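A structural walkthrough
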Amino acid sequence: MIKKTIKSSLTNDSDFIGYRQAETSIYTRELSYVAQDKMMDIAYWLWENYPLSKWIIEVIVSFVLAEGLPFNSRNTKVYKILWDFWYDPVNRMDLYFDKHLRELYIFGELCLPAQVSKANGRVRLGYIDPKRIKRVYADPENVKIVIGVELHANIGEESKKYKTLLVADVENFISIEAKKIRSKFTSGDVFFYSINNVSNAPRGRSELLDVADWIDLYESYLYDYAEKWSQQNSFVWDLTVKEANTKKIQEQVKLLIQSASKPGSVYGHSDDIELKASAPDLKSLDVDVGARIIRNHILGGKGFPSHWFGGGEDANKAIAGEMSVPTMKILSARQKYVKHILESIFDYQLEQAIKADRVNNKDLISEGMGRSYEIITPELSPVDLGKFGAVIKNVADGLAVSENQNLLDKQTSREVLSNVLSFLGKDIDVRQVEERLKLENKEKP
């Protein structure tokens, strides 16, 4: 097994105390570029070598990403454009998007350069390893807006500088100084996403950063115990010869070795001799308790209950259900950011399709209610349809009684019922329901 020491003081490198990266403000929460690179190396090593690290990343990716196409649209033009983008032979997002999410959680950053076909407006994405990033630029007057990405230069070449893709409203809003900086970014356009950071730290942090030392300690703890396992399974013969000198004891040992060298052998002795097998007691129960404490500390820090990682000794169905509530909230926040990533990429693709006359602005509006497509995300927590059906019936009956007694109007009742049904994962537009009811009533004889 490979041994590796992980230093926890990533933000306090003794070699860099009192120094800051040139041409950057001291008022920042960024790691030094050396610490940033070290963080990514450590996170990748952990993910590649330790099962618990890989499990944490894979669970997040599995829960936030829908199986199959993550989008749908009733507009056939919009659906065709997004489908072509998703299955483009260069993009192959059906194969690469889960990899990109995995890279985002391992490294804390995702950088995707975008190129647009002048012929049909199709967007094709590449990938830039975060270790190639030298600096991420934010608007000097608004750090929330990331305006560009600079890469490390190869020997004898100038460093490449990419503009981050911004929606028109944001690009028009950035400061004059930011526009001057962006004018020098001529290498191309990129999508840049970062996680686990604050507003004044444009660069991201790995999902494994805060538990890196603990994971290394946990895996080393298990490895050390596994090495001692062979010793625990071994034993020695304890031979006692009463009132005997050294010579007689040695003779009995030789006799024991000769007679008990094979299974089924017989060793006969008088009452003056006692023979028993002795095995070491390494207190395996204490080892299990220690491992569980460290494992729960790691999983709890990431918001996962212990029974998700096979530690179901103390959990039953009721407890497991309650312990999963915080986890679902955390995964829901991750899912929201993945939705933002997809929307920003899809919006850009549709914007380029408009310029190529493949679609028009009217196609991008869904009945006056916003985007003409929807992002499909997996349901995080299963719904007990039996119990929920009873709840819906009781709510509907209560609303009907309230309407009959003039306590509520139909519009309010529909809004309340639509909110209840939204827990099933179906968002209902009350205005659309009213329009459909009008059409159905007109069609009735």
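Quick look at the structure, then. (Residues numbered from 1 in each chain as written. Predicted model: local features only at pLDDT ≥ 70, side-chain atom pairs only at ≥ 80, totals over all residues. Heavy atoms only, no water.)

Here we look at the overall build of the protein
When helices and strands are tallied, the protein shows 13 helices and ten strands. Counting every position in the protein, which comprises 445 residues, the buried fraction comes to 36%. In the protein, the share of contacts with a sequence separation of at least 24, taken over all contacts with a separation of at least 6, comes to 67%. Of the roughly 27,400 Å² of accessible surface on the protein, a fraction of 53% belongs to carbon and sulfur atoms. (Helix = DSSP H or I, 4+ residues; strand = E, 2+ residues; numbered from the N terminus. Buried < 20%, exposed > 50% of the residue type's maximum accessible area, 1.4 Å probe, protein only. Contact = heavy atoms within 4.5 Å. Areas by Shrake-Rupley, 256 points an atom, 1.4 Å probe, with all protein chains shown as cover.)

Examining the pairing of strand 7 (residues 189–194)
Across the six residues that make up strand 7, a large majority, five, are buried. Both strand 2 (residues 109–116) and strand 7 contribute to a ladder of six bridges, which runs antiparallel. Opposite Ala-114, over in strand 7, you have Asp-189 as the bridge partner. By the bridge criterion, two bridges tie strand 6 (residues 161–164) to strand 7 in an arrangement that is parallel. Residue pairing for strand 7: Lys-163 is matched across the bridge by Asp-189. (Pairing = 2+ DSSP bridges.)

Quick look at the sheet that holds strand 5 (residues 142–151)
If you trace the six strands from one edge of the open sheet to the other, you get 3-2-7-6-5-4, paired in mixed fashion. One side of each edge strand has no neighbouring strand; the edge strands of this open sheet are strand 3 (123–125) and strand 4 (133–139). When strand polarity is set aside, the average angle formed by the axes of neighbouring strands in this sheet is 40°. Here helix 4 (residues 93–107) sits on the sheet in contact with strand 2, strand 3 and strand 7, set at roughly 140° to strand 2. (Axes fitted to C-alpha atoms, helices over the stretch in contact; angles between N-to-C directions.)

Here we look at the packing of helix 2 (residues 51–64) against helix 4
Orientation of helix 2 relative to helix 4, taken along the N-to-C sense of each, is 135°, at an axis distance of 10 Å. Overall, the two elements helix 2 and helix 4 adopt an arrangement that is oblique. Between helix 2 and helix 4 lies a crossing of right-handed hand. Every residue of helix 4 that contacts helix 2 at Ile-57, Glu-58, Ile-60, Val-61 and Val-64 is listed here: Asp-98, Leu-101, Arg-102, Tyr-105 and Ile-106. Across the contact of helix 2 with helix 4, the residue classes break down as seven nonpolar, no polar and three charged. (Parallel < 35°, antiparallel > 145°, perpendicular 65-115°, else oblique. Left-handed = near helix turned anticlockwise from the far one by under 90°. Nonpolar A, V, L, I, M, F, W, Y, C, P; charged D, E, K, R; others polar.)

Re the pattern of salt bridges
A side chain with one charge may pair with a side chain of the opposite charge, provided their charged atoms come close. For the structure on display, the rule yields 15 salt bridges. Across the salt bridge formed by Arg-358 and Asp-84, the nearest N and O atoms sit 3.3 Å from each other. Pair noted here: Arg-358 is in the loop between helix 10 (317–355) and strand 10 (374–375) and Asp-84 is in helix 3 (residues 76–86), with a separation of 274 residues, a long-range link. By relative accessible area, Asp-84 is classed as buried at 8%. A salt bridge links Asp-98 to Arg-102; the nearest nitrogen and oxygen atoms lie 4.0 Å apart. Taken together, the residues Asp-98 and Arg-102, both in helix 4 and four residues apart, mark about one turn of the helix. Asp-98 gets classed as partly exposed once you look at its relative accessible area, which sits at 25%. Through salt bridges with shared partners, a single network forms among Lys-80, Asp-84, Asp-88, Arg-122, Arg-124 and Arg-358. (Salt bridge = Lys/Arg side-chain N within 4 Å of Asp/Glu carboxyl O.)

Here we look at the side chain of Thr-164
Here Thr-164 shows up in strand 6. At a separation of 2.6 Å, a polar atom in the side chain of Thr-164 contacts the main-chain carbonyl oxygen of Val-146. (Polar contact = N/O pair within 3.5 Å; in protein donor to acceptor, adjacent residues only side chain to side chain.)

Considerations on the pairing of strand 2
Across a regular strand the side chains alternate sides, sitting on one face of the sheet and then on the other. Burial of strand 2 is extensive: six of the eight residues sit out of reach of the surface. Across three bridges, the pairing between strand 2 and strand 3 is antiparallel. Bridged to Gln-115 within strand 3 is Arg-124. Taking the residues between adjacent antiparallel strands as the criterion, strand 2 and strand 3 are bridged by six residues, where Gly-121 takes a positive phi near 75°.

Considerations on a nonpolar patch on the surface
Where nonpolar side chains cluster on the molecular surface, the patch consists of Ile-249, Val-253 and Ile-257 and spans about 230 Å² of accessible area. Mapped onto the elements, Val-253 comes out in helix 8 (residues 246–259). (Patch = residues over 30% accessible without salt bridge, like charges linked within 9 Å, V, L, I, M, F, W, Y side chains within 5 Å.)

Some words on the environment of Ser-183
With respect to the helices, strands and loops of the structure, Ser-183 is situated in the loop between helix 6 (176–182) and strand 7. Sequence spacing of Ser-183 and Lys-163 is 20 residues, and the spatial spacing of their C-alpha atoms is 8.7 Å.

A few points about helix 8
For helix 8, spanning 14 residues, the distance from its first C-alpha to its last is 20 Å, which sits close to the expected 20 Å at 1.5 Å a residue. Within helix 8, burial applies to Gln-252, Leu-256 and Ser-259. One side of helix 8 holds all its buried residues, which, seen down the axis, span an arc of 75°. Exposed and oriented more than 90 degrees from the buried face of helix 8 are Thr-246, Lys-247, Lys-254, Ile-257 and Gln-258. (Expected span 1.5 Å × (residues − 1). Arc of directions from axis to C-beta.)

Interpretation in functional terms is not warranted from these geometric data alone.
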